[in-house]
Amino acid sequence: MTDTLQALTSSILGEINDAKTLDALEQIRVRALGKKGTLAGVMQTLRTLSPEERPVFGQAVNNAKEDLENAIREKKDMLEKEKLMKNLEDGRIDVTLPGVRFPKGTVHPLTQVIEDLEDFFVGLGYEIEDGPELENDHYNFEMMNLSKDHPARAMQDSFYTDETMLLRTHTSPVQARAMLKRKGQPLRIICPGKVYRRDDDDPTHSHQFMQIEGLLIDQGVSMASLRDVLKQMARHLFGEDRDIRLRPSYFPFTEPSVEVDVSYVKKDGTTGYIEILGAGMVHPNVLKMGGYDPDVYRGFAFGVGVERIAILKYGIDDIRHFYTNDLRFLNQFKGVE
Ligand code: PHE
């Protein structure tokens, strides 16, 4: 009997030793030590033994049981450790792997033009101003020398939200706001921003577009100062070989007023001119309303169409491309980070 028990035990010990997984080990444990397991079966045979043999054999079975339990516990510890090590190994982060690349956006071409001109004007000592897009009629028109019944209001079809408030039709109201803020002190500012006019959208018109307003007020300012700044600006934007041309025009807030064209070389080699902005000497009424004595101070002002500049600079054929967020269009302006 004891021999059989020993053979059984060593065979089970062998199995335990060979177990590769915790599951396999558990199955071995149940088969050997479970209620209906091998050792339980062996215990059943006790009854067939003589009273002298029983305690000896019983003791042998208990020892075998203990040996098996110890062996299983040790093996279990070992397998658990192995599993932990494997998990750690599998979960290790390989810091040498290349990272995930995020697609990089681009600066919108209109923003590129604005930032470029901001740099240019800041270099000439201008400050950058901001103003509300929902503007009071008072600033948008009246402070700009356009009283309620002024016929020139018709030049700018407008979006009113009530009797007094409208989406600004130009960035010029910022002139008035800047003047009142400086309380009669000389100033030079630019203001980039969105403006709105009631218009049917087509390749050259948009009900919303952008302008950069410029205003300089000081003593001894003349039309020559204006021309000089605008020529520098045109050359900065389009190249040193460019020239500008001033044509008489009309704006209620400037006198005299001009339309400014920039030169370009036509296909046939001759020189052509394209309009890029409106400008003029600040009207005395506007200076007065802004708190400046027109006998002491003079100013010039200009309003650049940002889309117009971008269209000319990059050869764009439809103004609506700027607003439709088509990546095939936008990805072509990767120049600036
Ligand atoms: N505000 C004018 C416009 O939108 C442009 C302009 C600005 C003209 C400043 C003269 C001086 O058409």
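Just so it is clear, the structure is predicted and the values come from calculations on it, not from any experiment.

Reading the values: rules and limits
- Residues numbered from 1 in each chain as written.
- Predicted model: local features only at pLDDT ≥ 70, side-chain atom pairs only at ≥ 80, totals over all residues.
- Heavy atoms only, no water.
- Helix = DSSP H or I, 4+ residues; strand = E, 2+ residues; numbered from the N terminus.
- Rg over C-alpha atoms; globule rule 2.2 N^0.38 Å.
- Buried < 20%, exposed > 50% of the residue type's maximum accessible area, 1.4 Å probe, protein only.
- Areas by Shrake-Rupley, 256 points an atom, 1.4 Å probe, with all protein chains shown as cover.
- Lys, Arg positive; Asp, Glu negative; His and termini not counted.
- Charge placed at Lys NZ, Arg CZ, Asp CG, Glu CD.
- Expected span 1.5 Å × (residues − 1).
- Arc of directions from axis to C-beta.
- Contact = heavy atoms within 4.5 Å.
- Near = heavy atom within 4 Å.
- Polar contact = N/O pair within 3.5 Å; in protein donor to acceptor, adjacent residues only side chain to side chain.
- Nonpolar A, V, L, I, M, F, W, Y, C, P; charged D, E, K, R; others polar.
- Salt bridge = Lys/Arg side-chain N within 4 Å of Asp/Glu carboxyl O.
- 1 Å grid on protein atoms, 1.4 Å probe; cavity = no way out; pocket = protein on both sides within 12 Å on 5 of 7 lines; lining within 4 Å.
- Points joined across faces, edges and corners; volume = space filled by probe spheres on them.
- Phe/Tyr/Trp six-rings, centres within 6.5 Å; stacked < 30°, edge-to-face > 60°.
- pLDDT = per-residue confidence, 0-100.

Attention now moves to the overall build of the protein. Scanning the protein from terminus to terminus reveals 11 helices and 10 strands. Computed over its C-alpha atoms, the radius of gyration of the protein comes to 44 Å, more than 25% above the 20 Å expected for a compact globule of 337 residues. When its C-alpha atoms are laid out on the principal axes, the protein stretches across 135 × 50 × 40 Å. A total of 337 residues make up the protein; the buried ones form 41% of that total. Summed over all atoms, the accessible surface of the protein reaches about 19,600 Å², with 52% contributed by carbon and sulfur. Side-chain charges in the protein split into 43 positive and 54 negative, and the spacing between the mean points of these groups amounts to 3 Å.

Turning next to helix α1 (residues 2-18). Relative to the 24 Å expected for 17 residues at 1.5 Å per residue, α1 spans 24 Å between its end C-alpha atoms, a close match to the ideal helical length. Those residues of α1 that fall on the buried side of the exposure criterion are L5, T9, I12 and I16. Seen end-on, α1 carries its buried residues on one side only, within an arc spanning 65°. Summarising the geometry of α1, the exposed residues directed more than 90 degrees from the buried face are D3, Q6, N17 and D18. Turning to α1, the residues buried within the fold contact α2 (22-33), α3 (38-44) and α4 (53-90).

Within the sequence span of helix α10 (residues 306-314), burial applies to V306, E307, I309 and A310. Each buried residue of α10 lies within a common arc of 160° when the element is viewed along its axis, so the set occupies one face. Tucked into the core, α10 has its buried residues touching α5 (109-123), β6 (208-218), α8 (223-238), β9 (271-282) and β10 (298-305). At the exit of α10 stands G315, carrying a positive phi of roughly 65°.

The environment of the ligand is formed by 15 residues, the closest being H170, S172, R197, Q211 and G303. Take H170: an N or O atom from its side chain is 3.0 Å from a nitrogen atom of the ligand. In this structure, S172 approaches the ligand through a side-chain N or O atom, which is 2.9 Å from a nitrogen atom. Looking at the shell around the ligand, the elements that each hand over two or more residues are β6, β9 and β10. Considering each element in turn, the shell around the ligand owes the most residues, 3 residues, to β10. In terms of residue class, the shell around the ligand is built from 5 nonpolar, 8 polar and 2 charged.

In this section: the pattern of salt bridges. For the coordinates displayed, the defined rule picks out 16 salt bridges. Close ionic contact of R92 with E89 constitutes a salt bridge, the shortest N to O distance being 3.9 Å. Overall, the relative accessible area of 62% leaves R92 in the exposed class. Residues joined by salt bridges that share partners form a network here, namely E127, E129, K181 and R182.

With that settled, consider empty space enclosed by the protein. The probe, sized like a water molecule, is rolled over the atoms to show the empty space still left. Across all of its chains, the model carries 1 cavity of 30 Å³ or more by this definition. Surrounding the largest cavity, L146, A152, M155, Q156, H170, F251, P252 and F253 form its lining. Looking at the lining of the largest cavity residue by residue, the class counts come to 6 nonpolar, 2 polar and no charged.

Let us look at the packing of aromatic side chains. Ring pairs (aromatic) are described by centroid distance and by the angle formed between their planes. Under the criterion given, the structure shown has 10 aromatic pairs. Each ring, one from F322 and one from F329, has its centre 5.9 Å from the other, and the planes form 80°; the classification is edge-to-face. The same class applies to F322 and to F329, which are both buried. Within the aromatic cluster, the residues linked to one another by ring pairs are F120, F121, Y126, F300 and F302.

Summarising the model, the protein shows a mean pLDDT of 92, and 99% of its residues fall at 70 or more. Ranking the elements of the protein by mean pLDDT puts α3 last, at 85, and strand β1 (residues 127-128) first, at 98.

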